[in-house]
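The residues making up each chain are set out below.
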Amino acid sequence: MKGKSVIKIGGSLLFTKDNELDKEKIQKFCQIFKNVNRSGTHVIVCGGGRIARVYIDAVRSFHGNEALCDTFGIDLSRINSKLLITSFQDFSYPLVPKTIEELSLALLFGKIVVMGGLQPGQSTTSVALEVAEFIQADELVILTDVEGIYDKDPKKFGDAKLIKTLNYAGLQEIVLNSSGDNQAAAGEYRIFDAVSLQILKRSKIKISVMSGKDLKEFEKYWKGEKDITCTVISD
Ligand code: UTP
């Protein structure tokens, strides 16, 4: 299988329920790429997770501004990326690109590239969309802690239904309806933030949102299997 893909892994997926680093899972994630060695161009974008939020909360309590909080989130997402690179060993490019220009250089080596945040004011989902747009990816996979996009918050409503397919207008409606006032605070950009919606509208990338909790769906997806529990977002 060839192609260009971007995979976003939420930082929360790298930690156990007790907030310990989930070393086994990190290794399992990297192993999926090693086992199914797809040729092509692949970029993994890693989030900050709880550890980023712990730092952001501390910075905010010291009266740090939101942009400063964001820089901590970016740094932590890069540390998480460095950890994935270490687990990948020679299988990935050894450095975390900090800009799109550094990414284009990294891609010349032909290995998987792992990166975190880029600039304040957005989430790593926006980074994943920017990267997908830049490399003209065929697909963007977002691994999160629920099975996809629901008609309402599945963590609050037991009767929330998983949506199998969505177009961009439908996604925008759901995101706008579910956004609270804290949507634009550091550490609080939810699955799709405003920046990511804007990039999506212009770049028309196909996105699959699926659970990365036990990585079973992602493993099936990466092997090219068809029957995946997820939400597919396309035009
Ligand atoms: P994310 O909120 O994207 O991390 O980035 P995450 O772990 O993937 O989130 P979950 O687990 O899916 O919920 C962490 C924080 O880093 C800053 C933001 O404050 C963001 O909330 N950040 C990240 C930026 O400011 N710019 C970026 O380009 C990326």
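Because the structure is a prediction, the values reported are computed rather than measured.

### Focus on the side chain of Ser 196
- Along the chain, the position of Ser 196 falls in helix α7 (residues 194–203).
- On the accessibility criterion, Ser 196 (0% relative accessible area) is buried.
- If near-sequence neighbours (up to four positions away) are discounted, Ser 196 is found in contact with Thr 125, Ser 126 and Leu 129.

### Comments concerning helix α8 (residues 216–223)
- Among the residues of α8, Glu 217, Phe 218, Tyr 221 and Trp 222 are the ones counted as buried. What you see down the axis of α8 is that its buried residues fit within an arc of 130°, all on one side.
- Against the buried residues of α8 lie β1 (4–9), α1 (23–35), β2 (41–46), β4 (139–144) and β6 (207–211).
- At the exit of α8 stands Gly 224, carrying a positive phi of roughly 95°.

### Looking at the packing of helix α4 (residues 100–107) against helix α5 (residues 124–135)
- Where α4 contacts α5, the two axes come as close as 11 Å, and the packing angle between them is 55°. Taken together, the axes of α4 and α5 lie oblique to each other. Of the two possible hands of crossing, α4 and α5 adopt the one that is right-handed. For the pair α4 and α5, the contacting residues are Ile 100, Leu 103, Ser 104 and Leu 107 in the first and Val 131, Phe 134 and Ile 135 in the second.
- Residues of the contact of α4 with α5, tallied by class, amount to six nonpolar, one polar and no charged.

### Points about the sheet that holds strand β7 (residues 231–233)
- Taken in spatial order, the seven strands line up as β3-β2-β1-β4-β6-β7-β5 in an open sheet, and their pairing is mixed. Lying at the two open borders of the sheet, with one neighbouring strand each, are β3 (113–115) and β5 (165–166).
- Bridge count for β1 against β4 is five bridges, and the pairing is parallel. Opposite Ser 5, over in β4, you have Glu 139 as the bridge partner.
- Of the strands in this sheet, β1, β2 and β4 touch α1, which is tilted by about 170° from β1.
- Contacts from α5 reach β1, β2, β3, β4 and β6, with the element oriented near 175° to β1.

### Considerations on the packing of aromatic side chains
- Per the counting criterion, the structure on display carries nine aromatic pairs.
- Ring centres 5.3 Å apart and planes at 50° place the aromatic pair Tyr 93 and Phe 109 in the tilted group. Note that Tyr 93 is positioned in the loop between α3 (66–88) and α4 and Phe 109 in the loop between α4 and β3, a separation of 16 residues in sequence.
- For Tyr 93, a relative accessible area of 13% corresponds to the buried category.

What counts and how
Residues numbered from 1 in each chain as written. Predicted model: local features only at pLDDT ≥ 70, side-chain atom pairs only at ≥ 80, totals over all residues. Heavy atoms only, no water. Helix = DSSP H or I, 4+ residues; strand = E, 2+ residues; numbered from the N terminus. Buried < 20%, exposed > 50% of the residue type's maximum accessible area, 1.4 Å probe, protein only. Contact = heavy atoms within 4.5 Å. Arc of directions from axis to C-beta. Axes fitted to C-alpha atoms, helices over the stretch in contact; angles between N-to-C directions. Parallel < 35°, antiparallel > 145°, perpendicular 65-115°, else oblique. Left-handed = near helix turned anticlockwise from the far one by under 90°. Nonpolar A, V, L, I, M, F, W, Y, C, P; charged D, E, K, R; others polar. Pairing = 2+ DSSP bridges. Phe/Tyr/Trp six-rings, centres within 6.5 Å; stacked < 30°, edge-to-face > 60°.

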